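Residue-level listing of the chains:
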There are 2 protein chains.
Amino acid sequence: MSIGDLGKRLLLGRKLRNTQLGETLLPKRVALPVFASDALSSVGYAPDEIFLVLSAAGLAYYTVSWQIGLGVAFVMLVVIASYRQNVQAYQSGGGDYEVATTNVGSAAGLTVASALMVDYVLTVAVSISSAAQYAAAAIDPLQGHEATVAIAAVAFLMTANLRGVKESGTAFAIPTYIFMVAIFSMILWGFFRYVRGTLPDAELADYGIRGTQTIVGGFGSFALVFLLLRAFASGSAALTGVEAISNGVPAFRKPKGKNAATTLALLGAIAVTMGLSILVLGNLMNVRLADVDNGVRLIDPAGKLVPREFNQDPMIGQLAQGIFDHFPLGFYLVAAATGVILVLAANTAFNGFPVLASILAGDGYLPRQLHTRGDRLAFSNGIVLLAGFAILLIYSFDAQVTRLIQLYIVGVFVSFTVSQLGMVRHWTRHLRSETDGAARGRMQRSRVINAIGLTVTALVLVIVLVTKFTHGAWLAIVAMTVLFFMMRGIRHHYDLVARELAVEQHDTSLPARIHAIVLVSKVHKPTLRAVAYARASRPNTLEAVTVDVDDDTTQQLLARWDETGLPVPLRVLASPYREITKPVLDYVRELRRLSPRDVVTVYIPEYVVGRWWEQILHNQTALRLKSRLLFTPGVMVTSVPFQLRSSTAARERADRDEYVGGAVRRGMARTRRREDDDNG
Amino acid sequence: MSIGDLGKRLLLGRKLRNTQLGETLLPKRVALPVFASDALSSVGYAPDEIFLVLSAAGLAYYTVSWQIGLGVAFVMLVVIASYRQNVQAYQSGGGDYEVATTNVGSAAGLTVASALMVDYVLTVAVSISSAAQYAAAAIDPLQGHEATVAIAAVAFLMTANLRGVKESGTAFAIPTYIFMVAIFSMILWGFFRYVRGTLPDAELADYGIRGTQTIVGGFGSFALVFLLLRAFASGSAALTGVEAISNGVPAFRKPKGKNAATTLALLGAIAVTMGLSILVLGNLMNVRLADVDNGVRLIDPAGKLVPREFNQDPMIGQLAQGIFDHFPLGFYLVAAATGVILVLAANTAFNGFPVLASILAGDGYLPRQLHTRGDRLAFSNGIVLLAGFAILLIYSFDAQVTRLIQLYIVGVFVSFTVSQLGMVRHWTRHLRSETDGAARGRMQRSRVINAIGLTVTALVLVIVLVTKFTHGAWLAIVAMTVLFFMMRGIRHHYDLVARELAVEQHDTSLPARIHAIVLVSKVHKPTLRAVAYARASRPNTLEAVTVDVDDDTTQQLLARWDETGLPVPLRVLASPYREITKPVLDYVRELRRLSPRDVVTVYIPEYVVGRWWEQILHNQTALRLKSRLLFTPGVMVTSVPFQLRSSTAARERADRDEYVGGAVRRGMARTRRREDDDNG
């Protein structure tokens, strides 16, 4: 469609109807991989974390890892069961924020929102750091430079998203399926070799571990219980990403709720199977992972301590290396697929963060300009912020997943817990009005499931807080608190302003007259254009005004002005102290004082230039004057632009950006419009 | 005078006459201290530098220091004699920049300007670092924290200058006279005690020095010659500040040239006496200063190396400690007076830098907004820039005067040399047209003096470059080169723009009609005001326009609009991708396309808020739209401000700043206007 066409439609007032909506809704087989990358990618680091925490007690307690895995799997299944209720009750895509706000209150909603925002940043930091580890496992020269690799990757993701990569169904589906095939092949082949008795040991299987704590009193001791709980808390990182589906319900084909619930169940089954299988294989193959940061050390078969700098490959890497020892390509495939899915998981945050920010801005909790989803800059800001914080975290924590993960899951479980509380209240409220017996039964069943979800997630949250607070979780809590109060403050400010701006009565009276002033510093094209436009506007009075900072210049200007033959008088304002702003301000205020019912409109000729450094060289006085004039009631400020040649290129650049931006916007708009289509 | 009064005068078009000018011209007794602080303050570090360089050869060559001092004194007298010609020929205050531009060409002028700007930064860095050393000498706990003290002092000077400290005659005269009295008392008392045979040794007199180079072959060796030249180059730091008087000629009473020349001679006599006396006393009292940074070490009487961290007091501090050993207050007085005059010297840079920038901006070499001397922001930018670079230097060089001084005097001598070349050409040119015999004689004599000045300063420049290039002078050269090309580029740009904007013929034709558009997002006070103002302007067509990013909101808006009963139609622009900027831009361009001879004026309601963070929360869409609209030819953008309550405080704050700023401006304006008064 040409611009002319578009313009015609606009002029005709006919609005564009979106007819191409339904076809983009996702079938389950595409929805699963689209929303699962975040959740599934956590098998890339969650099992490792369990092993790492347990390593503090030496080799002895590695064997408990699969029991801990079972615990995590249990929580996973409870959370999945709970969210199956969520997705059937709330299908708008507002997710936990909506559930919490609707059922518990705005403070709860804001808590969830703060938690989720912190979480998005951590999703990027953890996923990319983990991906960097896989890259280092596959490509030796990268070892020791994980932080650099990770920061470069975040910068790349940021650039790609700024330029307009969109979350496209099939583009996401293929690598996710490749990942699933790769991991399951590895697992199956591993078990097959185990049954055949040919499963080799992991590379470091004959290494020992020097722990940092000796468990006295066995399973009854407090130290051990604490250690196991901490391992469990770390393993719970596997649960991150489950909530993604609840935000994505609008993208499902109808019946949306049911399809989303089915997909959730599928996701749970896959994630649990993968995670547990990896833990079991890790035990069978005697994988060694030492928590070097917390003082745990590897001991080589000769009994010597392995240097701290020794590179430990992640669990899946070690498994793949062993299982595919006769088939090195398999190892590279598994490592690459895991790395790619971790990057995709990070990318979901780049899509999710601006959407959440947009919803929050719509509710007045964030600057309003973030609300308009179609707006390129709104997304750009969000993307740059997200990338900036993620890079800061990666840099500060040296891309060490083990240390980042301490901050990670607090937000997830805050969100889970508040959301489940909201769901319990949701059913209670609905039960009050529901009379149909069958429906009541279903609701009561759902309420029980959500109540169990609430109990379990709250319990896990407490465990996470207790075992990880001093390890870094406090930092996440601080960030969430700061965000919470910042957003509350913004909302408060908007409310105040709205009250101040509200129209009490319709006063349609007009100002009596318009005094026009054209600011003149030289006689050149921009000035002449400003005078011409001002004259065309036919104000009641019109005069040109210049400030006399230098007598010679002023005399020259007056002579030149006479030459132009313009029927507009040029008034010279004295400036004893060679100021510009103050004489003009004083003059305008004086005009206003003399006739308060009139309006003064100040025409300012402005050069429009194309390059940022040109902007520094021009218009600075005009800008300052403008910003001061705006503070004066009864004044309009009219910029009359004069486009210099260099501005043409800039305009074309901006139009092009607008166009490229359009791609993103269209992508995002599609997602949101599915919902409209569904509701309307 | 009340604002009403002022307004009346402005309305009557009567210009303010400045009648209070003559009385502020400075008599010699005030002019000397005002302009001398920079030049005199260098005795605070220049003698030290000679000793420090010589220390590389061990104790043996300390005795040469006074011969080197004589060499520096000779150069000083030559420069003073030369500048006595300058001040009589050029009395406008343009200084070396004017002399070079007028007589050698704009490239030479620009070279001088670059050199001077680099020099201003170094004046601040060196003087304040030296002052910090004196502070540390007097107050022991400051030792080792000189850099922190110096940075704090620069920050303080910056704040004071931003708030409006002015270079006031008497305020400068008193501490400078105190300094002169303190130093001469110390010198006289020292010589008196020497004659009486009671002059004590300096504190470290019985310490030895382990040099870094052994001079083989005595005075004939290249190494020694190089060392002596380097000592001489370092000692030449004493010459910085001499050019200050040539910038200050307009401030002298008449006959300006003669008075300035007399003051110069006086300054030269005082500086040379002080400097040489200090060197002689330093030798008599066996002061020890070791160039620790370049590997020279002190050896204590027991023969052990003194640790590098050992704090060496500056020369004047060591002298005062010895000479006033029976009268500690004397030591503190000398240290304090020296510290204060060094800070004053730095402060002169804070006054000189914006003035130079203003002259350069007037010639189109710097952004034009730096030109208006009365403008507070122009000065603020200059002050902040100067302080920023000075702090950067102090931080990078750890406030070590010895290292900073390597960069320092390149700029001074570049400026001296080019300026003397200019003077020689000046006289040659004038001799061509002068016929009066007596005048020709005076001119020829002046030309000889300036030719000698040229030779000597050029020679010193070469010595400085050769002996200090690798020690840091290269950095100053790089900075000067960058500045040079930056300023050339800016001038080139302004020339291009001026050609593009020049009016070839006076086309006073007007646009045919005015289409007005009011942008509407809500029905609230700012919108109603914008509509009222737009209606009062009586455009040919007027419509309100809103962008439909959300159907519900748009429907509500339409309903509310009808309620207002405004006789202005509200057009809804479709936004299929939920953009705001693009639909408006497209609509405006379409209007332009349909009637190219008309002008579109877009009224944008703007909230005016008082705090920076409020600005982030409002107007962002308006701002973006505005900046895009300016790129479209034939469009005016009118901001209709609505002042929120919080803006009142901000306006009052701005007015107050304007007033405080006035004090500075008045101070500066006074200096400049003296010249007008004198010429007119």
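Residues numbered from 1 in each chain as written. Chains lettered and ligands numbered in written order. Predicted model: local features only at pLDDT ≥ 70, side-chain atom pairs only at ≥ 80, totals over all residues.

> Please provide a residue-by-residue account of the overall build of chain A, values included.
When you go through chain A residue by residue, the secondary structure sums to 23 helices and seven strands. Counting across all 680 residues of chain A, residues that qualify as buried make up 52%. (Helix = DSSP H or I, 4+ residues; strand = E, 2+ residues; numbered from the N terminus. Buried ≥ 20, exposed ≤ 12 C-beta atoms within 10 Å, placed from the backbone.)

> Any chance you could break down helix α15 (residues 401-433) of chain A for me, citing the residues and the numbers?
Residue and element names in this part refer to chain A. Over its 33 residues, α15 runs 49 Å from end to end, which matches the ideal 48 Å to within 8%, given 1.5 Å per residue. L407 marks where α15 bends most, by close to 30 degrees. Of all 33 residues in α15, 25 are buried; the element is thus mostly enclosed. (Expected span 1.5 Å × (residues − 1). Bend = angle between axes of the 7 residues up to and from the residue.)

> So what about the nonpolar core? Which residues, and what values?
All names here are of chain B. Among the nonpolar cores identified, the biggest contains 174 residues, and I128, V154, L386, A390 and I394 are the most heavily contacted of them. No other element matches the 22 residues that helix α6 (residues 106-138) contributes to this core. Once residues within four sequence positions are removed from consideration, L386 is found in contact with Y120, V121, V124, A349, F350 and F353. (Core = buried A, V, L, I, M, F, W, Y, C linked by C-beta atoms within 7 Å. Contact = placed C-beta atoms within 7 Å.)

> Give a description of the pairing of strand β4 (residues 541-548) of chain A that names residues and reports values.
Residue and element names in this part refer to chain A. Taken together, the five bridges between strand β3 (residues 514-519) and β4 define a ladder with parallel strand orientation. Opposite L519, over in β4, you have V545 as the bridge partner. Taking the sense of rotation as the criterion, the β-α-β connection linking β3, helix α18 (residues 525-536) and β4 turns out right-handed. As paired elements, β4 and strand β5 (residues 570-574) share five bridges and run parallel to each other. Directly across from T546, in β5, lies its bridge partner V572. The parallel pair β4 and β5 is bridged by helix α19 (residues 551-564), and the resulting crossover is right-handed. (Pairing = 2+ DSSP bridges. Right-handed = clockwise from strand over helix to strand, strands pointing away.)

> Give a description of the packing of helix α6 (residues 106-138) of chain A against α15(A) that names residues and reports values.
Residues and elements named next belong to chain A. For the pair α6 and α15, the least separation of the axes is 8 Å and the interaxial angle reads 145 degrees. Of the two elements, α6 crosses α15, and the hand of that crossing is left-handed. A class-by-class count of the residues in the contact of α6 with α15 yields 16 nonpolar, eight polar and one charged. (Axes fitted to C-alpha atoms, helices over the stretch in contact; angles between N-to-C directions. Left-handed = near helix turned anticlockwise from the far one by under 90°. Nonpolar A, V, L, I, M, F, W, Y, C, P; charged D, E, K, R; others polar.)

> So, the pairing of β3(A): which residues are in play, and what are the values?
Residues and elements named next belong to chain A. Of all six residues making up β3, six are buried, and the element is well covered by its neighbours. Across the two faces of β3 the burial is the same, with I514, A516 and V518 and H515, I517 and L519 all buried. Note: β3 against strand β6 (residues 599-608), five bridges, orientation parallel. Each residue of the ladder has a partner; that of I514, found in β6, is V599.

> Explain the sheet that holds strand β7 (residues 635-643) of chain A residue by residue, including any values.
The strand order β5(A)-β4(A)-β3(A)-β6(A)-β7(A)-β7(B)-β6(B)-β3(B)-β4(B)-β5(B) describes an open sheet built from 10 strands, whose pairing is mixed. Of all the strands in the sheet, just β5 of chain A together with β5 (570-574) of chain B have a single pairing partner and so form its edges. Taking each pair of neighbouring strands and ignoring which way they run, the sheet shows an average axis angle of 30 degrees. With nine bridges connecting them, strand β6 (residues 599-608) of chain B and strand β7 (residues 635-643) of chain B associate as parallel partners. Opposite B:I604, over in β7(B), you have B:S639 as the bridge partner. Packed onto the sheet, α19(A) meets β4 and β5 of chain A and runs at close to 150 degrees relative to β4(A).

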